[in-house]
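For reference, the chains in residue letters:
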Amino acid sequence: MGGTIDPVLSDLLARLYADIASEQPWRGFLESLARFMDATFATIIITAGDQGQPATFLTPGSSEEFNAAYTSTLFADDPFTGLPEGRVTSYSQFMADLPADAASEYRARMHESGFDLVLGVDLRFPGRFEARFRISRHNAMPDFTRAERARLQALVPHLRIALDLFARLEFAGAQHGVFHSAAQGLGLAVVVLDKAMRIVSSNPLAD
């Protein structure tokens, strides 16, 4: 079997799968993704149902002021949504297809921020959640090339798998917490063992 594995890509994928079970999920991966794409920032936005605010909004390294402004006001007005599922899309091209006066305040805020060179990809899990990835550069830098877009597109299958695993871990954790709380309320001592009969967790009564 010929060829070699790109060590940068290998490290990025390792961070992706390791991060979903970490205490700060996605953070290390997003930092690595920004470097991989030669970008300033990488963002993940996870929404569930018709929420007024995102369930998860994370952009490592960005200003707290912009983060607060986005989640409180700009998120609801963001026109760069509903992208073709799983397909990398350019912000500039997407906005060029809208009427010139559409989302004028959002356009202005993005331009003022200087980070209006953006690639986006939306992944949808019907009945569960939607995840948006955004890769941003300052407009003093060159725009993303076709090769760089292809680079991000190649990651989409991995992002989809990691998101599904992340959701399952979150759900399992929630179920686990609910189970322990219910048992505690019933006055039951609970100890959870793995297949090797090692203690995985216990509630306070069991402790």
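Below you will find a few notes about this structure. Numbering of residues starts from 1 in every chain and runs along the sequence as written. Given that the model is predicted, a residue must reach a pLDDT of at least 70 before its local features are reported, and side-chain atom pairs must reach 80 or more before they are shown or counted; all residues, however, enter totals for whole chains, interfaces and linings. The side-chain figures draw on all heavy atoms in the structure; neither hydrogens nor water molecules are used.

Moving on, we come to the overall build of the protein. What the protein contains, in helices and strands, is 7 helices and 7 strands. When a residue's accessible area, from a 1.4 Å probe over protein chains only, is under 20% of the maximum for its type it is buried; when over 50% it is exposed; and in between it is partly exposed. Burial analysis of the protein (207 residues in total) assigns 39% to the buried set. In this description, contact between two residues means that some pair of their heavy atoms is separated by no more than 4.5 Å. Within the protein, residue pairs in contact and separated by at least 24 positions form 54% of the contacts whose partners lie at least 6 positions apart. Accessible area of the protein: about 11800 Å², with a carbon and sulfur share of 57%. The numbering of helices and of strands both runs from the N terminus, where a helix is a DSSP run of H or I of at least 4 residues and a strand a run of E of at least 2. Per-residue accessibility takes into account occlusion by the displayed protein chains alone, with areas from the Shrake-Rupley method and a 1.4 Å probe.

With that settled, consider the nonpolar core. Soluble globular proteins tend to pack their nonpolar side chains together in the buried interior. Formed by 34 residues in total, the largest nonpolar core has its most connected members in W26, F29, L33, M37, F133, I135 and L163. Elements with a minimum of two residues in this core: α1 (7-19), α2 (27-36), β1 (41-47), β4 (117-125), β5 (129-137) and α7 (156-185). Here this core gets 6 residues from one element, more than from any other, and that element is α7. Think of a nonpolar core as a cluster: buried Ala, Val, Leu, Ile, Met, Phe, Trp, Tyr and Cys residues, connected wherever their side-chain atoms sit within 4.5 Å. Listed in part, the 13 residues of the second largest apolar core include I45, L74, L83 and M110.

Before going further, it helps to spend a moment on the pattern of salt bridges. Salt bridges are defined by distance alone: a side-chain nitrogen of Lys or Arg within 4 Å of a carboxyl oxygen of Asp or Glu. Using the criterion set out here, one finds 9 salt bridges in the structure. Here R132 makes a salt bridge to E130, at a shortest N to O gap of 3.0 Å. Each of the two residues, R132 as well as E130, counts as buried. Of the charged contacts in the structure, one is a salt bridge between D164 and R168, with a shortest N-O distance of 2.8 Å. Taken together, the residues span about one helical turn, with D164 and R168 both in helix α7 at a distance of 4 residues.

This part covers unusual backbone geometry. Of note in this structure, W26 is not a glycine but carries a positive phi near 80 degrees. Turning to its location among the elements, W26 is positioned in the loop between α1 and α2. Exposure remark for W26: the relative accessible area of 1% places this residue in the buried category.

Before going further, it helps to spend a moment on α2. With 7 of 10 residues buried, α2 lies mostly within the body of the structure. Inspection of α2 places G28, F29, L30, S32, L33, A34 and F36 among the buried residues, and these make up the whole buried set. Phi turns positive, to about 50 degrees, at D38, one or two residues after α2.

A few words on the packing of aromatic side chains. The rule is short: rings of Phe, Tyr and Trp, with Trp giving its six-membered ring, pair when the centres are within 6.5 Å, and they are stacked under 30 degrees, edge-to-face over 60, tilted in between. This model, assessed by the stated rule, comprises 7 aromatic pairs. For the pair W26 and F29, a centre-to-centre distance of 6.4 Å together with 65 degrees between the ring planes defines the contact as edge-to-face. Both residues of the pair, W26 and F29, belong to the buried class. Ring pairing ties together the aromatic residues W26, F29, F133 and F166, which thus form one cluster. Cation placement over rings: the criterion is NZ of Lys or CZ of Arg within 6 Å of the ring centroid and within 35° of the ring normal. Above the plane of the ring of F144 lies R137, whose end atom (NZ or CZ) is 4.1 Å from the centre. Across from the ring centre of F36, 4.0 Å away, lies the NZ or CZ of R151, which sits over that ring.

On to the side chain of D164, then. On the basis of relative accessible area, D164 is assigned to the buried category, the value being 19%. Here R128 takes part through its side chain, which lies 3.0 Å from a polar atom of the side chain of D164. Those residues in contact with D164 that lie beyond four places of it in its chain are F125 and R128. A 3.5 Å cut-off defines polar contacts: any pair of N or O atoms within that distance qualifies, except that in protein one atom must be a possible hydrogen donor and the other a possible acceptor, and neighbouring residues in sequence count only when both atoms are side-chain atoms.

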